[in-house]
Amino acid sequence: MADAQAKLQSLSEEFTKLQQDLQETVQSRQKLEAQKQENLGVQKEFAKLKDSETIYKLIGPVLLKQERPDAESTVNGRLEFIEKEISRLESHIKEMQGKMEKKKGEIIQVQSSAQAAGPQAVKA
């Protein structure tokens, strides 16, 4: 009975760790989604600009003039990177959810076997 309790405790701790990792991964994905929306907004602003208008980039406390093709390629590159990271995190989230389901199944199995062994131990 003590062995089952120790195993149950261990599985419970592993499950809690998986939940925390999943929560951190979801938060990272949310941050990336916010960055994606911000960059999509910048892309829309670029579309509204006339060719004669100047683009400035903030670097530290200084605004530097930037060529339009450079600015657009930077934003497009960021969007590509962000989308790849979101995709990677989504697959990681699915993988972690699968691990959690497996762990939950193991916990239920140990609880069931402990409950089944409980009445037999009383009879002996």
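From a predicted model like this one, the values you see are computed outputs, not experimental measurements.

(A) Region of the structure containing the pattern of salt bridges. Counting across every chain of the model gives eleven salt bridges. The salt bridge partner of glutamate 14 is lysine 103, with a shortest N-O separation of 2.4 Å. Here the residue glutamate 14 occupies a position in helix α1 (residues 2–48), and lysine 103 occupies one in helix α2 (residues 68–123), the gap between them amounting to 89 residues. A salt bridge links glutamate 101 to lysine 104, with the shortest nitrogen-to-oxygen separation between them at 3.7 Å. Taken together, the residues span about one helical turn, with glutamate 101 and lysine 104 both in helix α2 at a distance of three residues. Relative accessible area serves as the criterion here: at 38%, lysine 104 is assigned to the partly exposed category.

(B) Main features of the pairing of strand β1 (residues 55–59). In terms of strand pairing, β1 meets strand β2 (residues 62–66) through five bridges, oriented antiparallel. Paired with isoleucine 55 across the two strands is glutamine 66, which belongs to β2.

(C) Fine view of the layout of surface pockets. Approximately 190 Å³ is the volume found for the largest pocket. Lining the largest pocket, in full, are Glu38, Asn39, Val42, Phe46, Ile55, Tyr56, Lys57, Gln66, Ala71, Thr74, Val75 and Arg78. Taken together, the elements giving at least two residues each to the lining of the largest pocket come down to α1, β1 and α2. For the lining of the largest pocket, a count of residues per class yields six nonpolar, three polar and three charged.

(D) Up close: the side chain of asparagine 39. Mapped onto the elements, asparagine 39 comes out in helix α1. Within the structure, asparagine 39 has its side chain in polar contact with the backbone oxygen of glutamine 35 (distance 2.9 Å). The residues contacting asparagine 39, other than those within four sequence positions of it, are Val75, Arg78, Leu79 and Ile82.

(E) Broad picture of the environment of proline 61. One can find proline 61 in the loop between β1 and β2. On the basis of relative accessibility, which here comes to 82%, the residue proline 61 falls in the exposed class. C-alpha separation for the pair proline 61 and leucine 11, spaced 50 residues apart in sequence, amounts to 52 Å.

(F) Highlighting the nonpolar core. Listed in full, the ten residues of the largest apolar core are Leu8, Leu11, Phe15, Leu18, Leu22, Ile93, Met96, Met100, Ile107 and Val110. Setting aside residues no more than four positions away along its own chain, leucine 22 makes contact with Ile93, Met96, Gln97 and Met100. Of all hydrophobic cores here, the second largest spans five residues; its members include Phe46, Ile55, Val75 and Leu79.

(G) Spatial organisation of the side chain of glutamine 66. If you trace the backbone, glutamine 66 turns up in strand β2. A residue is classified by how much of its surface remains accessible, and glutamine 66, at 18% relative accessible area, is buried. When near neighbours in sequence (up to four residues on either side) are disregarded, glutamine 66 contacts Ile55, Tyr56, Lys57, Ala71 and Thr74.

(H) Structural view of α1. Here α1 is 47 residues long and its end C-alpha atoms lie 69 Å apart, about the 69 Å a rise of 1.5 Å per residue gives. What α1 keeps buried is the set Leu8, Leu11, Phe15, Leu18, Leu22, Thr25, Leu32, Lys36, Asn39 and Phe46.

(I) Inspection of the environment of aspartate 51 at higher detail. Tracing the backbone through its elements, the reader meets aspartate 51 in the loop between α1 and β1. Owing to a relative accessible area of 74%, aspartate 51 belongs among the exposed residues under this scheme. Along the chain, aspartate 51 and glutamate 33 lie 18 residues apart, while their C-alpha atoms are 30 Å from each other.

What counts and what doesn't
- Residues numbered from 1 in each chain as written.
- Predicted model: local features only at pLDDT ≥ 70, side-chain atom pairs only at ≥ 80, totals over all residues.
- Heavy atoms only, no water.
- Salt bridge = Lys/Arg side-chain N within 4 Å of Asp/Glu carboxyl O.
- Helix = DSSP H or I, 4+ residues; strand = E, 2+ residues; numbered from the N terminus.
- Buried < 20%, exposed > 50% of the residue type's maximum accessible area, 1.4 Å probe, protein only.
- Pairing = 2+ DSSP bridges.
- 1 Å grid on protein atoms, 1.4 Å probe; cavity = no way out; pocket = protein on both sides within 12 Å on 5 of 7 lines; lining within 4 Å.
- Points joined across faces, edges and corners; volume = space filled by probe spheres on them.
- Nonpolar A, V, L, I, M, F, W, Y, C, P; charged D, E, K, R; others polar.
- Polar contact = N/O pair within 3.5 Å; in protein donor to acceptor, adjacent residues only side chain to side chain.
- Contact = heavy atoms within 4.5 Å.
- Core = buried A, V, L, I, M, F, W, Y, C linked by side-chain atoms within 4.5 Å.
- Expected span 1.5 Å × (residues − 1).

Any functional reading would require information beyond the geometric quantities listed.
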